[in-house]
Amino acid sequence: MSKWAELQRLHDVNKGRHILDLFDEGRAGDFSVTADGMLFDYSKTNIDSATRAALVRLAEVSGVAEKRAAMFSGEKINDTEGRAVLHVALRAGDEAVIRVDGQDVLPEVRRIRAACAAFARDVRSGAFQGQGGRITDVVNIGIGGSDLGPAMATLALAPYHDGPRCHFVSNVDGAHIHDVLQGLDPTTTLVIVASKTFTTIETMTNADTAKRWMAAKVADPAAQFAAVSTARDRTSAYGIDPARVFGFEDWVGGRYSMWGPIGLALMIAVGPERFEEFLAGGRAMDEHFLTAPFAANMPVMLALVGIWHNQICGHATRAVLPYDQRLARLPAYLQQLEMESNGKRVAIDGSDLETHSGPVVWGEPGTNGQHAFYQLIHQGTRVVPCEFLVARRGHEPDLVHQHLLLVANCLAQAEALLRGRSLDEARAIMARKGLTGAELERQARHRVFPGNRPSTVLAYDRLTPFTLGQIIALYEHRVFVEGVILGINSYDQWGVELGKELALALQPVLEGKAGTEGKDGSTAALVEFLR
């Protein structure tokens, strides 16, 4: 019998049930999980005690505990590339020991972290200067995991910025780097080039542009460059002092890498001490993930709710809706984290998956989204499970009234998705407006909300470095659990390769150096139009 059979049976039996009917005095507490001051409430879903028990059994029979132990112990669970998966090592405690091929990797992790911290302090204090004086701006050039994570985190921790201004460039579209560099002073700007191999075409194209921009005003542009890379031969050839090159191991995937040197821009912005608090938040979530029973384990339950909605209920997307403006880039970050990790079609053994893999992840901060796509979420024909994030407190003591309005909107949206509005209630509203007969009926039908639409809420005290660390580690472990249950490798990304290869082949065609032989008719026609 398929491991999905019991859950599918429970869904078939209960799919017509209204979530509201599940509520009693204890449901909100029973169907929530806490961890170090954070609350995950999944009571507004159609998961009952029997369904939760079946979901937990699914995690158990899928080997989540065993695979979790393998990951944390340094085993090579990324078996298509023969690598360990150890982003957790980047935030491990001082007493931890994690071995890969028999060697403890943490001394080197700590050495590189200390080197990054020393450089960050030098930039922040003015001990390291540009050729026109103290560094005023930092431009991080990367793409994918070398951009999305640190860009998201730097915005999230804006209240803690007391270092140079930080900017991020990722797109090879020249408009991006042009608009970022415009208005900056080349003589007081530090450029960080983040590319493990120092060959990523988008990153190196932007780096060359930044170098030319700087060379117009300074004698030695490379003196104001740093690199996050393992390719020291290439960084040296680029003119970057080895003391300003910070590497990381192949057991850290790009989308999991902001805890290490990829987070250098964030460390410069907020300082090494705040960065340590960020690491501590991730480490606290790691400890919770390792020790809490599955039913009381926040990453496990977040993953199981996702499995229930996607693989069992058939909801193909999920919306991440942070009611926290500084988490504006979190949905984009999670798009990569989740969709690049779990957007696979074959199991680890190469066989076709027996179910769909990861969902489409999307979102926007509240309350902006309420005036954009919430119409579809509330009254559209497809159900979109919603994941709300909200803080008890903001960082602006003189704007408490606005924060309370923000929280009220978050809770109201979750309640509206749950309750909906019946046709009778809509009729009563129209009757109070003086409508009668067929027009009353017509107008009332436009005001019906189906309700019974699932949502979860992740609530926390305030968005601090520690809290941000918790949130990111929570979602990392969710990806892990869902990937194990689906039987896939969450840590390779072969799907990004083909397009990159074809792009390299098309560039000389667009430059007129090669013809379109072998190209399909559409591509050939588009080349003809665009070159």
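Everything below is about the structure shown above.
Let me sum up the structure you'll find in this document. (Residues numbered from 1 in each chain as written. Predicted model: local features only at pLDDT ≥ 70, side-chain atom pairs only at ≥ 80, totals over all residues. Heavy atoms only, no water.)

1. Brief notes about the overall build of the protein chain
Helix and strand counts for the protein chain come out as 20 helices and 15 strands. The C-alpha radius of gyration of the protein chain comes to 25 Å, within 12% of the 24 Å expected for a compact globule of 531 residues. Here the protein chain holds 531 residues, and 51% of them are scored as buried. Put simply, of all contacts in the protein chain between residues at least 6 apart along the chain, 74% involve residues at least 24 apart. Counting only carbon and sulfur atoms, one obtains 53% of the accessible surface of the protein chain, whose full area is about 23,200 Å². Seen as two clouds, the 54 positive and the 63 negative side-chain charges of the protein chain have centres 3 Å apart. (Helix = DSSP H or I, 4+ residues; strand = E, 2+ residues; numbered from the N terminus. Rg over C-alpha atoms; globule rule 2.2 N^0.38 Å. Buried < 20%, exposed > 50% of the residue type's maximum accessible area, 1.4 Å probe, protein only. Contact = heavy atoms within 4.5 Å. Areas by Shrake-Rupley, 256 points an atom, 1.4 Å probe, with all protein chains shown as cover. Lys, Arg positive; Asp, Glu negative; His and termini not counted. Charge placed at Lys NZ, Arg CZ, Asp CG, Glu CD.)

2. Quick look at the pairing of strand β7 (residues 137-141)
Along β7, five of the five residues are buried, which leaves the element largely enclosed by surrounding structure. Burial of the side chains of β7 extends over both faces: Asp137, Val139 and Ile141 are buried on one face and Val138 and Asn140 on the other. Bridging between β7 and strand β8 (residues 165-169) involves five bridges; their strand directions are parallel. Counted as the bridge partner of Asp137 is Arg165 from β8. Note on the crossover from β7 through helix α6 (residues 148-156) to β8: the handedness is right-handed. Bridge count between β7 and strand β9 (residues 189-194): five bridges; the pairing is parallel. Within β9, the position partnered with Ile141 by the bridge is Val193. (Pairing = 2+ DSSP bridges. Right-handed = clockwise from strand over helix to strand, strands pointing away.)

3. Some points on the sheet that holds strand β14 (residues 386-391)
A sheet is described by the order of its strands in space; here six strands give the open sequence β1-β2-β15-β14-β12-β13, paired in mixed fashion. Two strands in the sheet have a free side with no partner beyond their single neighbour: β1 (32-35) and β13 (360-363). For this sheet, the mean angle separating the axes of adjacent strands, direction not counted, is 15°. Bridge count between β1 and strand β2 (residues 38-41): four bridges; the pairing is antiparallel. When the sheet's bridge partners are listed, Val33 is paired in β2 with Phe40. Along the sheet, helix α15 (residues 400-419) contacts β12 (317-323), β14 and β15 (455-460); its crossing angle with β14, the most-contacted strand, is approximately 155°. (Axes fitted to C-alpha atoms, helices over the stretch in contact; angles between N-to-C directions.)

4. Some details on helix α1 (residues 5-14)
Residues of α1 that are buried: Leu7, Leu10, His11 and Asn14. Viewed end-on, α1 has its buried residues packed into an arc of 100°, placing them on one side of the element. Of the surrounding secondary structure, the elements contacted by the buried residues of α1 are α3 (49-61) and α12 (298-312). (Arc of directions from axis to C-beta.)

5. Section: the packing of helix α13 (residues 330-342) against helix α18 (residues 465-486)
If you want to describe how two helices pack, look at the angle between their axes and the distance between the axes. Contact geometry for α13 and α18: axes closest at 10 Å, N-to-C directions at 25°. Relative to α18, the element α13 is oriented roughly parallel. Crossing of α13 against α18: the hand is right-handed. Mapping the contact onto sequence places Leu330, Tyr333, Leu334, Leu337, Glu338, Ser341 and Asn342 in α13 and Ile472, Tyr475, Glu476, Arg478, Val479, Glu482 and Gly483 in α18. Across the contact of α13 with α18, the residue classes break down as seven nonpolar, three polar and four charged. (Parallel < 35°, antiparallel > 145°, perpendicular 65-115°, else oblique. Left-handed = near helix turned anticlockwise from the far one by under 90°. Nonpolar A, V, L, I, M, F, W, Y, C, P; charged D, E, K, R; others polar.)

6. A few points about helix α17 (residues 437-446)
Turning to α17, its buried residues are Leu440, Gln443 and Ala444. The buried residues of α17 occupy an angular sector of 105° when projected down its axis, which confines them to one face. In α17, the exposed positions that point more than 90 degrees away from the buried face belong to Ala438, Arg445 and His446. As for α17, its buried residues are in contact with α16 (423-432).

7. What about the side chain of Gln311?
Tracing the sequence through the fold places Gln311 in helix α12. A distance of 2.9 Å separates a polar atom in the side chain of Gln311 from the backbone oxygen of His356. Of the polar contacts made by the side chain of Gln311, one reaches the backbone oxygen of Ser357; its length is 3.0 Å. Residues contacting Gln311, with those up to four places away along its chain left out, are Trp4, Gly306, Thr355, His356, Ser357 and Leu486. (Polar contact = N/O pair within 3.5 Å; in protein donor to acceptor, adjacent residues only side chain to side chain.)

8. A look at unusual backbone geometry
The amide bond that connects Gly366 to the next residue, Thr367, takes the cis arrangement and shows omega of 10°. Examined against the element boundaries, Thr367 turns out to sit in the loop between β13 and α14 (374-379). Not every positive phi belongs to a glycine, and Asp36 is a case in point at roughly 50°. Look at Phe198: it is not a glycine, yet its phi comes out positive at around 60°.

9. Remarks on the sheet that holds strand β10 (residues 225-228)
Overall, parallel pairing links the five strands, which are arranged β8-β7-β9-β10-β11 in an open sheet. The two strands at the open ends of the sheet, each matched to only one other strand, are β8 and β11 (245-246). Judged from the four bridges that link them, β9 and β10 form a sheet pairing that is parallel. Across the sheet, residue Val191 finds its bridge partner in β10, namely Phe225.

10. Quick look at the packing of helix α11 (residues 272-291) against α12
Running from amino to carboxyl end, α11 crosses α12 at an angle of 75°, the nearest separation of the two axes being 7 Å. Considered as vectors, α11 and α12 are oriented roughly perpendicular to each other. Here α11 contributes Met285, His288 and Phe289 to the contact with α12, which in turn contributes Met298, Pro299 and Val300. Residue composition of the contact of α11 with α12, by class: five nonpolar, one polar and no charged.

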